[in-house]
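# Coordinate analysis (summary)
Okay, here's what each chain looks like letter by letter:
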Amino acid sequence: MARIDLDHVSMTFRVREQYQITLKEFLLRGMYRRLRNPLLKVRALQDVCLRFGDGDRIGIIGGNGAGKSTLLRLLAGIYTPTRGRRIVAGRISSLFELSLGFEMEASGRQNIVYRGYLQGESPRGIRAKMQEIADFSELGRFLDVPVRYYSAGMMVRLAFSIATAIEPEILLVDEVLSAGDMAFQDKAQKRMRDMIARAKIIVIVSHDMGSLPRLCDTGVWLDRGRVRKVGPVREVIAAYREHVQGARTSESDAARDDHEPVPTGFAQPALR
Amino acid sequence: MKAYMADVWRFRHFWLSLVRMDLQARYRRSVLGIGWSLLHPIATTVVLCAVFYQIFHMPVREYLPFLMAGLAWWGYVTGVIGRGCQCFVEAESYIRQHPVPMAVYPLRTALGAMIHFLIALAVVLLLTWCFQGFANLAALPAVLIGLMILLVFGWAAGVVAGYVNTIFRDIQHLTDIVFQILFYLTPVMYPPDILVRSNMTWVLTINPLTHLLKIVRDPLIAGTIPSVRAYGAAAATTLLLVGVAALLLGRLQRKVILYL
């Protein structure tokens, strides 16, 4: 029984404007350096309440900087909420930043083993899946070559094959399909549809409004860290579209009147 | 805490494979392979031995294995804390992928350092046997107890060092300097009889590292079982560090990623 329960979850990052603070600066906090490297509070997520169970397929949409990737990482357990409670039950498999987590000096095969272990697989489990992963990646003899010699597309293939060979109860996907060539994209989409059939909860972040209704039934619209709308995916997409287009038309109307440049409509992350 | 350790155990394949990979990566494209990790203590040993022979007329036969054991131990301690500082920084890509108990990364460092230490100790055993024969073979198993305490010490130290260095990245340089100083405050190169004549002995006695050194070197070289006081001091230091590390565990999970 898989479950996601976010109860008034907030995620605030405290970021130094210029560079990471050193011990010397920390101790001399009272001096002028504070003005040159101030602390910024980034409220990436604010008061998010979401509850999902078996069979939910959720698509998260929103402008850049709305907090979608942060929310996904929070669900995966990489971030701990600064406020509120996060309960996620079930085996998680995540697909984000696919080219991270590779050991450059090790071969493709060895990396399959390491990443498998990272996701909690046992040696026997990995051995059983090794052939399937190797076949799906279509890397052939390159699997025995160190990963440092791979092209970006090859790394994406490998990472995707490994991550999707696990059988997850909760699948988290973060806009990864943009890498990889067209043939791979088709293959990856099909694989994901198969996975979707086997997983219990799926959360996908995507800007591709066309394919989202095919993969998801519930939509979540994140705007500047807050949940603006939750509901059937087509309704949420329509509301989001309306908002974006409404903003653009009203701004272009104003520009026509005042001869000012039209803003792009990116959502600003909530900075203080 | 128990649940945490069970979690660490659950990911044993992961961190064991990282340890293996560290060893392979280090020796992958080198000529001597594992010989390189011995070259440093061997070179330092030979030089110091020659100097002490010329100046203090130290008998080489006894001093060489003694010194090399101490230097191998020093290599372990500095390695475990030095690399421990970087353990979360270098594992950033893993941390960003999938949550595992953070203590896994300092454990990887400690185990790697311990393996190098054991290799060096094997050479020391060989040298001791060649040069002076074993004073007391029965005392040798006591080395294992010392090694286990050192491993726990190394793991806990790695947790603390890693956490602090992830927040303040210049801590690593600080530890380098502190170790430079500590080298002269720990009886790594001082032969035991020289110490009796000096009034620096109290410094060496209050230094907790001295006892951590004694529990490994004494059974190996001198053939004596370390005193209860030595074991007590070593265990107490280790437990203190373990306590601090245990307090940091919650913070590790929540905060490390925010500083990477």
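Residues numbered from 1 in each chain as written. Chains lettered and ligands numbered in written order. Predicted model: local features only at pLDDT ≥ 70, side-chain atom pairs only at ≥ 80, totals over all residues.

### As for the overall build of chain A
For chain A, the helix and strand inventory stands at nine helices and nine strands. The buried share of chain A, reckoned over its 272 residues, is 36%. Of all intrachain contacts in chain A linking residues separated by at least 6 positions in sequence, the fraction that spans at least 24 positions is 73%. (Helix = DSSP H or I, 4+ residues; strand = E, 2+ residues; numbered from the N terminus. Buried ≥ 20, exposed ≤ 12 C-beta atoms within 10 Å, placed from the backbone. Contact = placed C-beta atoms within 7 Å.)

### Structural notes on the overall build of chain B
Looking only at helices and strands, chain B has 13 helices and zero strands in total. Order of helices (α) and strands (β) in chain B, N terminus to C terminus: α-α-α-α-α-α-α-α-α-α-α-α-α. Seen along its three principal axes, the alpha-carbon backbone of chain B occupies a region of about 55 × 45 × 35 Å. Look at the contacts in chain B between residues 6 or more apart in sequence, and 79% of them connect residues 24 or more apart.

### Looking at the interface of chain B and chain A
Contact residues are listed per partner, giving 22 residues for chain B and 26 residues for chain A. Residue assignment for the side of chain B that touches chain A shows that the elements contributing at least two residues are α2 (12-27), α6 (92-95) and α13 (228-255) of chain B. Of all the elements, α2(B) adds the most residues to the side of chain B that touches chain A, at five residues.

### Observations concerning the sheet that holds strand β1 (residues 3-16) of chain A
All names here are of chain A. Spatial strand order, β2-β1-β4: three strands in an open sheet with antiparallel pairing. Both outer strands of the open sheet, β2 (39-53) and β4 (83-89), are each paired with one neighbouring strand and no more. Averaged over all pairs of adjacent strands, the angle between their axes in this sheet comes to 30°, without regard to strand direction. Two strands pair when backbone bridges link them, and β1 and β2 are joined in this way by eleven bridges, in the antiparallel orientation. Bridge pairing links M11 to L45 in β2. The sheet strands contacting helix α3 (residues 68-76) are β1, β2 and β4, and the helix crosses β2 at an angle near 60°. (Pairing = 2+ DSSP bridges. Axes fitted to C-alpha atoms, helices over the stretch in contact; angles between N-to-C directions.)

### Observations regarding unusual backbone geometry
Outside of glycine, negative phi angles account for most residues, and trans bonds account for most peptide bonds. Residue and element names in this part refer to chain A. With a phi angle near 50°, D47 is a residue other than glycine that sits in the positive phi range. Inspection of the secondary structure assignment puts D47 in strand β2. We classify D47 as partly exposed; it has 15 C-beta atoms within 10 Å. At E138, a residue that is not glycine, the phi angle is positive and equals roughly 55°. Within the secondary structure, E138 is located in the loop between α5 (123-137) and α6 (152-165). Since 14 C-beta atoms lie within 10 Å of it, E138 is described here as partly exposed.

### Overview of the confidence of the model for chain B
Residues and elements named next belong to chain B. When pLDDT is averaged across chain B, the result is 86; 95% of the residues are at 70 or more. When mean pLDDT is taken per element in chain B, helix α8 (residues 141-167) scores highest with 92 and helix α10 (residues 192-196) scores lowest with 68. With a pTM of 0.83, the predicted complex shows an ipTM of 0.75. (pLDDT = per-residue confidence, 0-100.)

### Brief notes about the environment of B:L209
Residue and element names in this part refer to chain B. Residue placement: L209 occurs in helix α12 (residues 208-222). Exposure remark for L209: the 21 C-beta atoms within 10 Å place this residue in the buried category. Spatially, the C-alpha atom of L209 lies 23 Å from that of E62, the residues being 147 residues apart in sequence. With sequence-adjacent residues up to four places away left out, L209 is seen in contact with V77, L182 and T186.

### Quick notes on the sheet that holds strand β7 (residues 201-205) of chain A
Residue and element names in this part refer to chain A. Pairing within the open sheet is mixed, and its six strands lie in the order β5-β6-β7-β3-β8-β9. Since the sheet does not close on itself, it has two edges, and those belong to β5 (92-95) and β9 (226-232), each with one partner. Direction aside, the axes of adjacent strands within the sheet are offset by 15° on average. As paired strands, strand β6 (residues 170-174) and β7 are joined by five bridges and run parallel to one another. Bridge pairing in β7 links D174 to V205.

### Topic: the domain arrangement of chain A
Residue and element names in this part refer to chain A. Taken domain by domain, chain A consists of domain 1 (1-80 + 200-272) and domain 2 (91-199). Counting from both sides, the interface comprises 16 residues of domain 1 and, opposite them, twelve residues of domain 2. Secondary-structure elements contributing two or more residues to the side of domain 1 that touches domain 2 are α3 and β7. The residue inventory of the side of domain 1 that touches domain 2, partitioned by class, reads ten nonpolar, four polar and two charged. (Domains from an automatic or database assignment. Nonpolar A, V, L, I, M, F, W, Y, C, P; charged D, E, K, R; others polar.)

### A word on the environment of B:L39
Relative to the assigned elements, B:L39 resides in helix α3 (residues 35-56). Residues B:L39 and B:A69 lie 30 residues apart in sequence; the distance between their C-alpha atoms is 14 Å.

### Some details on the environment of B:C87
Residues and elements named next belong to chain B. With respect to the helices and strands, C87 occurs in helix α5 (residues 87-90). Under the C-beta neighbour-count criterion, C87 is labelled buried, with 26 such atoms within 10 Å. As a C-alpha pair, C87 and G158 span 71 residues in sequence and 7.7 Å in three-dimensional space. Non-local contacts of C87, meaning those with residues more than four positions away in its chain, are made with Y105, P106, R108, T109, G158 and G162.

### Re the nonpolar core
Ranked by internal contacts, the top residues of the largest apolar core, which has 127 residues, are A:I60, A:L172, A:V203, B:A72 and B:Y76. With 14 residues, helix α4 (residues 60-85) of chain B is the largest single contributor of residues to this core. Two domains each donate at least three residues to this core, and these are domain 1 (1-80 + 200-272) and domain 2 (91-199) of chain A. Contact partners of A:I60, with chain neighbours within four places excluded, come to A:K68, A:L71, A:V203, A:I204, A:V205, A:V220 and A:L222. (Core = buried A, V, L, I, M, F, W, Y, C linked by C-beta atoms within 7 Å.)

### Re the packing of α12(B) against α13(B)
All names here are of chain B. Where α12 meets α13, the closest approach of the two axes is 8 Å, and the angle between their N-to-C directions is 120°. For the element pair α12 / α13, the angle class is oblique. Along this stretch, α12 crosses α13, giving a crossing that reads as left-handed. Facing P208, H211, L212, K214 and I215 of α12, the residues of α13 in contact are A230, Y231, A233, A234 and T237. Class assignment of the residues belonging to the contact of α12 with α13 gives a composition of seven nonpolar, two polar and one charged. (Parallel < 35°, antiparallel > 145°, perpendicular 65-115°, else oblique. Left-handed = near helix turned anticlockwise from the far one by under 90°.)

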